Amino acid sequence: MAVSGFPSSVEKCSSIGREKHTVVADMDGTLLRGRSSFPYFALVAFEAGGILRLLFLLLASPIAGLLYYLVSESAGIQVLIFASFVGLRVTDIESVARAVLPKFYASDLHPESWRVFSSCGKRCVLTANPRIMVEAFLKDFLAADLVVGTEIATYKGRATGLVRDPGVLVGNKKADALLKAFGETQPEIGLGDRQTDIPFMALCKEGYLVPSKQEVKAVTCDKLPKPIIFHDGRLVQKPTPLMALLIILWTPIGFFLACLRIAAGALLPMSTVYYAFWALGVRVIVKGTPPPAAKKSTGQTGVLFVCSHRTLLDPIFLSVALGRPIPTVTYSVSRLSEIISPIKTVRLSRDRATDASTIKKLLQEGDLAMCPEGTTCREPFLLRFSALFAELTDELVPVAMVNRMSMFHGTTARGWKGMDPFYFFMNPCPAYEVTFLNKLPMELTCGSGKSSHEVANYIQRVIAATLSYESTRFTRKDKYRALAGNDGTVVEKPFIKPNKVMGC
């Protein structure tokens, strides 16, 4: 029977035997623990529009709050939509929704709502949020079958900041949207969290409210139908109004500090950079015993440091830990990054024979650093290791790299990679942990009959075990298809040879 009176609490909803049932749930405060959508609008504003757009949204948020509580929910949400979206390319908004927002949404999933939502065979989300913001996460990671949200107005591929009819989905408009989506069919369960959700919940056979003041822990990512391995965006923390203000105030200070830190790394002797970084707030933690430098006078070839890949700064911090510059091979970093790099960088061509010849030549000159994953991963996973390195030398030293950032990520799949080192060093107190593992025993190398794939997979497992990470078979192409909608190929430019691909 339809909901009558005040709905019960969601804790009273049974999740057993719901495989053939349909659930319709609100999002903010229901599926998500947080009732405010400001952080997610702030993410769109910053990632698609930049720091000034975030400032505009922050200045508009008091107006949105006043309208929300004193006039209507729809008026307040409309202000947030306008401040965040007006003038942005629709493709940029979709890109942020696909690559950035899922990580933040997934970290705030309500356990009781998810228990009920995930138990049902058909899942629908009815939200006042713009559908363009939430649909990718809900369908890809929560296996939602239908997402009904506010539709934004566009003109020539850009958002106008306005919404299309019937407007922001709040109150009776949610109920109308449910009727339009389901017709005469009555969903079994309706989940909401506020008074304005009751009209659509009344159209369901059962209705349950999610308590607003109850403190609960978010659902862990391993409980999701699909793990979040790849994500993008510059911001580490969810931009609440206070955090957004801190980001805006810190950015000019942080950029100046980043320039100082980069200058110290580029201009000072590598043996002194470790101490300069500590003086400038950059922590470098070294574990394990690194091998001594190769001696060319004795004909000794260099050691190949096989590193896990967190940012394009991995080889630089390896050099800082060793106190001497270690050359590295790259798959097309930005020209700016090459200019400011304190170590020698050599571009590879992705042609196996050419790259093998280049790496062998470099090893004859001394030690070399390489990141065989070919691209970075932020989560506790290691991507598949390219096996080429194992064929070229038996002098292999695995190196486990870990970094810590409190405000900005130092990697991007969608943005300009030339800013990666700046964003990393803009963090108030960034840190790198470099762990040197034991040199690979001769019996485990290709020189003793092991295949290159066996060697690469073994080193991947050793590094993963050291870091308590999970080894995967994902590659660079998987990452860029998930985050950027392409396979990571760089458009040819005059100073780049054909078939270059992004790696860091």
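Just above, that's the structure.
Residues numbered from 1 in each chain as written. Predicted model: local features only at pLDDT ≥ 70, side-chain atom pairs only at ≥ 80, totals over all residues. Heavy atoms only, no water.

## Looking at the overall build of the chain
The helix and strand inventory of the chain stands at 19 helices and 17 strands. Dimensions of the chain along its principal axes, counting C-alpha atoms only, are 85 × 50 × 40 Å. Of all 504 residues assigned to the chain, the portion counted as buried reaches 55%. Sequence separation of 24 or more characterises 74% of the internal contacts of the chain that already satisfy a separation of 6 or more. Counting only carbon and sulfur atoms, one obtains 58% of the accessible surface of the chain, whose full area is about 21700 Å². Averaging the coordinates of the 58 positive side-chain charges in the chain and doing the same for the 43 negative ones gives two points 5 Å apart. (Helix = DSSP H or I, 4+ residues; strand = E, 2+ residues; numbered from the N terminus. Buried < 20%, exposed > 50% of the residue type's maximum accessible area, 1.4 Å probe, protein only. Contact = heavy atoms within 4.5 Å. Areas by Shrake-Rupley, 256 points an atom, 1.4 Å probe, with all protein chains shown as cover. Lys, Arg positive; Asp, Glu negative; His and termini not counted. Charge placed at Lys NZ, Arg CZ, Asp CG, Glu CD.)

## Considering the packing of aromatic side chains
Across all of its chains, the model carries 19 aromatic pairs by this definition. Ring centres 5.7 Å apart and planes at 20° place the aromatic pair Phe255 and Phe422 in the stacked group. Residue Phe255 is located in helix 11 (residues 241-267), and its partner Phe422 is located in helix 17 (residues 420-425); the two are separated by 167 residues in the primary sequence. Using a relative accessible area of 37% as the deciding quantity, one classes Phe255 as partly exposed. Judged by its relative accessible area of 10%, Phe422 is buried. Where Tyr274 meets Tyr275, the ring centres are 5.3 Å apart and the plane angle is 85°; that geometry is what we call edge-to-face. By relative accessible area, Tyr274 is classed as partly exposed at 25%. Members of the aromatic cluster, connected to one another through ring pairs, are Phe277, Phe317, Phe424, Phe425 and Tyr432. (Phe/Tyr/Trp six-rings, centres within 6.5 Å; stacked < 30°, edge-to-face > 60°.)

## A few points about the sheet that holds strand 3 (residues 122-130)
A sheet is described by the order of its strands in space; here six strands give the open sequence 1-8-7-2-3-4, paired in parallel fashion. Since the sheet does not close on itself, it has two edges, and those belong to strand 1 (8-9) and strand 4 (146-150), each with one partner. Where strand 2 (residues 22-25) and strand 3 come together, four bridges link them in parallel fashion. By the bridge assignment for strand 3, Val23 is matched with Arg123. Across the sheet, helix 9 (residues 172-182) lies against strand 2, strand 3 and strand 4, angled at about 140° from strand 3, the strand it touches most. (Pairing = 2+ DSSP bridges. Axes fitted to C-alpha atoms, helices over the stretch in contact; angles between N-to-C directions.)

## So, the pattern of salt bridges
What the rule picks out here adds up to 25 salt bridges. The partner of Arg33 in a salt bridge is Asp108, with the nearest N and O atoms 2.9 Å apart. Remark: Asp108 occurs in the loop between helix 6 (101-106) and helix 7 (111-119) and Arg33 occurs in the loop between helix 1 (27-31) and helix 2 (38-49); sequence separation between them is 75 residues. By relative accessible area, Arg33 is classed as partly exposed at 33%. In this structure, Glu338 engages Arg347 in a salt bridge whose closest nitrogen and oxygen atoms are separated by 2.7 Å. Of the two residues examined, Glu338 and Arg347, each falls in the buried class. (Salt bridge = Lys/Arg side-chain N within 4 Å of Asp/Glu carboxyl O.)

## Here's the deal with a nonpolar patch on the surface
Residues Leu66, Tyr69, Leu70 and Val71 make up a contiguous nonpolar surface patch of roughly 530 Å² in combined accessible area. Looking at the element boundaries, Leu66 is found in helix 3 (residues 51-70). (Patch = residues over 30% accessible without salt bridge, like charges linked within 9 Å, V, L, I, M, F, W, Y side chains within 5 Å.)

## Some details on the nonpolar core
Where a protein is soluble and globular, its nonpolar side chains tend to be buried together. Counting 115 residues, the largest nonpolar core has Phe85, Leu138, Phe305, Phe317 and Leu318 as the members making the most contacts within it. A per-element tally of this core places helix 2 first, with nine residues. In terms of nonpolar packing, the next biggest core, distinct from the first, is built from 31 residues, Val306, Phe389, Leu437 and Ile463 among them. (Core = buried A, V, L, I, M, F, W, Y, C linked by side-chain atoms within 4.5 Å.)

## Quick word on the packing of helix 5 (residues 90-99) against helix 8 (residues 131-141)
Helix packing geometry: the angle between the two helix axes and the distance between the axes. In contact at an axis separation of 8 Å, helix 5 and helix 8 are set at 35° when each is read in the N-to-C sense. Classified by chirality, the crossing of helix 8 by helix 5 is right-handed. Note on element contacts: helix 8 touches helix 5 through Ile132, Met133 and Ala136, opposite Val90, Ile93, Glu94, Ala97 and Arg98. (Left-handed = near helix turned anticlockwise from the far one by under 90°.)

## Digging into helix 8
For helix 8, the full list of buried residues reads Ile132, Met133, Val134, Glu135, Phe137, Leu138 and Phe141. With its phi angle positive at about 55°, Ala143 sits one or two positions after the end of helix 8.

## Description of the pairing of strand 15 (residues 396-404)
Among the nine residues that make up strand 15, eight are buried, leaving the element largely enclosed by the rest of the structure. Relative to strand 16 (residues 431-436), strand 15 is paired through six bridges, and the arrangement is antiparallel. Each residue of the ladder has a partner; that of Met401, found in strand 16, is Val434.

## Topic: the side chain of Ser341
With respect to the secondary-structure elements, Ser341 resides in the loop between helix 14 (335-340) and strand 12 (345-347). When its relative accessible area of 16% is taken as the criterion, Ser341 is described as buried. There is a polar contact of 2.9 Å between the side chain of Ser341 and the backbone oxygen of Ile343. (Polar contact = N/O pair within 3.5 Å; in protein donor to acceptor, adjacent residues only side chain to side chain.)

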